[in-house]
Amino acid sequence: MSKLEKKDLFWAMLKGWCYQPFSFNYETMQSPGWVHAIGPILEKVYGDDPELLKEKLRKHFVFYNTQPWMSQLILGSCVAIEESQEPECTETAIGLRTGLMGPFAGLGDSLFFITGKVILSSIAGYMALNGSLFGMVIILAVMVGISYLKYKFFYLGYQQGAKFITDQRANLEMLTASAIIIGFVVVGAMIPSMVSVATPLTFQVGDVTIVVQEMLNTILPGLLPVVVTGLIYYGLALKGMTTVRMVWLIIVVAIALSCIGII
Amino acid sequence: MFTGFQIIAITLLMFLSGLEGSLSGFFFTPYGSSILLGWITGLIMGDTKIGLTIGGTMELMGIGMNPLGGSSVPNYSIGTVIGTAFAVASGVGIEIGIATAIPAATLSVQLDVLQKALGSFFYHKAMTANENGNHKAMYNWIRLGFLPQLFIGTFAVMLMLVGGSAVVELVINTLPQWLLTGFQKAGGVLPALGFAILLRSLPIQGNFMYVLIGFVLASYMGLPMLAIAIIGLALAMLAYKQNKRFHELSEAKGVIDDE
């Protein structure tokens, strides 16, 4: 017998939609936002036993961190598990949550944040540099689809439960591995077209002026951007190197090189 | 340098975009926020072309910079808004915009660290409220923990607009041309960092040929980015089909082996 009504599920879905920024912290990361979403469900199901409810909430407060959109699937299935009122259901729910958050973060990050961002940001950014806002229209169209997913994932998790998610993992992983290919193609294309570095150097040999950049172009168009990207790629692996340090390093080196007229 | 209206409107823009991005997450998302912010800031300042250029530059710089697993990355939203505002107000244009946007975005990393550190306070308050059996208070503390995220960035932008005017005016008058040019060159190189980070975070083994294909399509053939993405999509569909077939075959084989 189910105690949950349609509107309880709807509110949980809505709070799960935007749970991530709620009291995000370095200790348990997204767990407060998670409690904010699932708490009212627990209250509804276990409200007549305050001690048990307190104990359950305490367990839901432990560390949680995943890709916020994929989280809806986990939230939905955990709501279903808690609704079942099985004796050890909170342990099951938290176990499932902890087991899935890593793989889901990997899938969601590489699909939505890495591949999706490479494609959409590069196209829209490129158009913006040419003075067009049309790229944003493409992005908003994609966001309509993603918003539907964020809605649907919750109910999918709730109705199909954990088994469905586990069954679909192989399929999801294949989908991610394929989608990443678009990311690689676009990154390969972005390096020569978006990294702008050229040298104004010229040499005088007898009567002939050699323009270094023209010479480089005949070897490989986009040679300098490739070299620069390669140097940064290996530089990032240096000990003690962080992204922010690399930003400052690039600024300093670029200013220095531009001063002495190399770039 | 700025009118009262501009300061209020831009501060409000930062606040509302932060609110929208966190709650409904439809317009100000991981994709294209800088472009939209640049355009709107440009609209407020009276030059959308500069706004789009700065926003587009910041968007490209931020491509590889994802706050994965709770890490902090430069705040390109703040960079875009500050860069656009100063570029238009100073009358100097893109140069000064890039020279203010990059440091503003990079320094804002510290704000992100601060707000996540503040989150602990609200988390502990919520935990205590649960121990006391006061659930209403628990939810309220969790909700209040959203405020640092919303206000710190907004407040920083407001301060930079109010206090930064004098600094930027001084900078424009005294900053040597070589430094401005240097910043612009750095702006051209910085997207490379995003791509390098991406190549590090993606499974490059077994996928490097796709980078080569993309490179040739852009550098030798000069195809537009959308065309290249469509070719990428076709390659991805091919790979998916093959993977699926392989998966089915290996599963079928597994069944036979079991018998």
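Quick caveat, the model's predicted, so the values are computed rather than measured.

With that settled, consider the overall build of chain B. A tally of helices and strands in chain B yields 12 helices and zero strands. Since a compact globule built from 259 residues should have a radius of gyration of about 18 Å, the 23 Å found for chain B marks it as more spread out than a globular shape. Summarising its shape, the C-alpha atoms of chain B cover approximately 80 × 65 × 25 Å along the three principal directions. The proportion of buried residues among the 259 residues of chain B is 47%. Here the contacts in chain B between residues at least 6 apart in sequence split such that 67% fall between residues at least 24 apart.

One can describe the packing of helix H9 (residues 243–259) of chain A onto helix H9 (residues 177–189) of chain B by two numbers: an axis separation of 8 Å at closest approach and a directional angle of 125°. Taken as axis vectors, H9(A) and H9(B) run oblique relative to one another. In the packing of H9(A) onto H9(B), the handedness of the crossing is right-handed. Across the interface between the two elements, A:Ile250, A:Ile251, A:Ala254, A:Ile255, A:Ser258 and A:Cys259 from H9(A) touch B:Trp178, B:Leu179, B:Thr181, B:Gly182, B:Phe183, B:Lys185, B:Ala186 and B:Val189 from H9(B). When its residues are assigned to classes, the contact of H9(A) with H9(B) shows 10 nonpolar, three polar and one charged.

Each assigned domain of chain B is listed with its residue range as follows: domain 1 (4–202) and domain 2 (203–259). Computed over C-alpha atoms, the centres of domain 1 of chain B and domain 2 of chain B are 36 Å apart.

Before going further, it helps to examine the domain arrangement of chain A. Annotation of chain A at the domain level lists domain 1 (6–193) and domain 2 (198–259). One C-alpha centre belongs to domain 1 of chain A, the other to domain 2 of chain A; they are set 40 Å apart.

Let's shift gears to the nonpolar core. Residues and elements named next belong to chain A. By size, the foremost hydrophobic cluster in this structure holds 143 residues, and its most contacted members are Ile38, Val186 and Val187. In terms of residue count, helix H6 (residues 134–194) provides more of this core than any other element does, 19 residues in total. Other than its neighbours up to four places away in sequence, Ile38 contacts Ala12, His60, Leu75, Cys78 and Val79.

Take the pairing of strand S2 (residues 208–211) of chain A next. The side chains of a regular strand alternate, residue by residue, between the two faces of the sheet. Residue and element names in this part refer to chain A. The pairing of strand S1 (residues 202–205) with S2 spans four bridges and is classified as antiparallel. Within the sheet, the bridge partner assigned to Phe203 lies in S2 and is Ile210. What sits between S1 and S2 in their antiparallel hairpin is a turn of two residues, with Gly206 showing a positive phi close to 65°.

Residue and element names in this part refer to chain B. At a minimum axis distance of 7 Å, the contact between helix H4 (residues 76–90) and helix H5 (residues 94–107) shows a crossing angle of 150°. By the angle class used here, H4 and H5 are roughly antiparallel. When you trace H4 past H5, the crossing you get is right-handed. When H4 is examined against H5, the residues Tyr76, Ile78, Gly79, Thr80, Ile82, Gly83, Thr84, Phe86, Ala87 and Ser90 are found in contact with a partner set consisting of Ile94, Ile96, Gly97, Ile98, Thr100, Ala101, Ile102, Ala104 and Ala105.

Listed by partner, the interface residues are 95 residues for chain B and 89 residues for chain A. The biggest single contributor to the side of chain B that touches chain A is helix H12 (residues 225–258) of chain B, with 14 residues. Counted by class, the side of chain B that touches chain A contains 58 nonpolar, 29 polar and eight charged residues.

Along helix H10 (residues 191–201) of chain B, nine of the 11 residues are buried, which leaves the element largely enclosed by surrounding structure. Buried residues of H10(B): B:Pro191, B:Ala192, B:Leu193, B:Gly194, B:Phe195, B:Ala196, B:Ile197, B:Leu198 and B:Leu199, and no others.

To continue, consider unusual backbone geometry. All names here are of chain A. Of note, the phi angle at Ser23 is positive, near 55°, even though the residue is not glycine. Mapping Ser23 onto the fold places it in the loop between helix H1 (6–17) and helix H2 (31–46). Accessibility expressed as a C-beta count within 10 Å gives 32 for Ser23, which makes it buried. For Gln85, which is not a glycine, the phi torsion comes out positive at approximately 60°.

Take helix H7 (residues 135–144) of chain B next. It helps to recall that an α-helix has 3.6 residues per turn; residues three or four apart then point in one direction. Residues of H7(B) that are buried: B:His135, B:Met138, B:Tyr139, B:Trp141 and B:Ile142. Within H7(B), the buried residues cover an arc of 160° as seen down the axis, which keeps them to one side. Of the surrounding elements, those touching the buried residues of H7(B) are H2 of chain A together with helix H6 (109–131) of chain B.

What counts, and at which threshold
- Residues numbered from 1 in each chain as written.
- Chains lettered and ligands numbered in written order.
- Predicted model: local features only at pLDDT ≥ 70, side-chain atom pairs only at ≥ 80, totals over all residues.
- Helix = DSSP H or I, 4+ residues; strand = E, 2+ residues; numbered from the N terminus.
- Rg over C-alpha atoms; globule rule 2.2 N^0.38 Å.
- Buried ≥ 20, exposed ≤ 12 C-beta atoms within 10 Å, placed from the backbone.
- Contact = placed C-beta atoms within 7 Å.
- Axes fitted to C-alpha atoms, helices over the stretch in contact; angles between N-to-C directions.
- Parallel < 35°, antiparallel > 145°, perpendicular 65-115°, else oblique.
- Left-handed = near helix turned anticlockwise from the far one by under 90°.
- Nonpolar A, V, L, I, M, F, W, Y, C, P; charged D, E, K, R; others polar.
- Domains from an automatic or database assignment.
- Core = buried A, V, L, I, M, F, W, Y, C linked by C-beta atoms within 7 Å.
- Pairing = 2+ DSSP bridges.
- Arc of directions from axis to C-beta.

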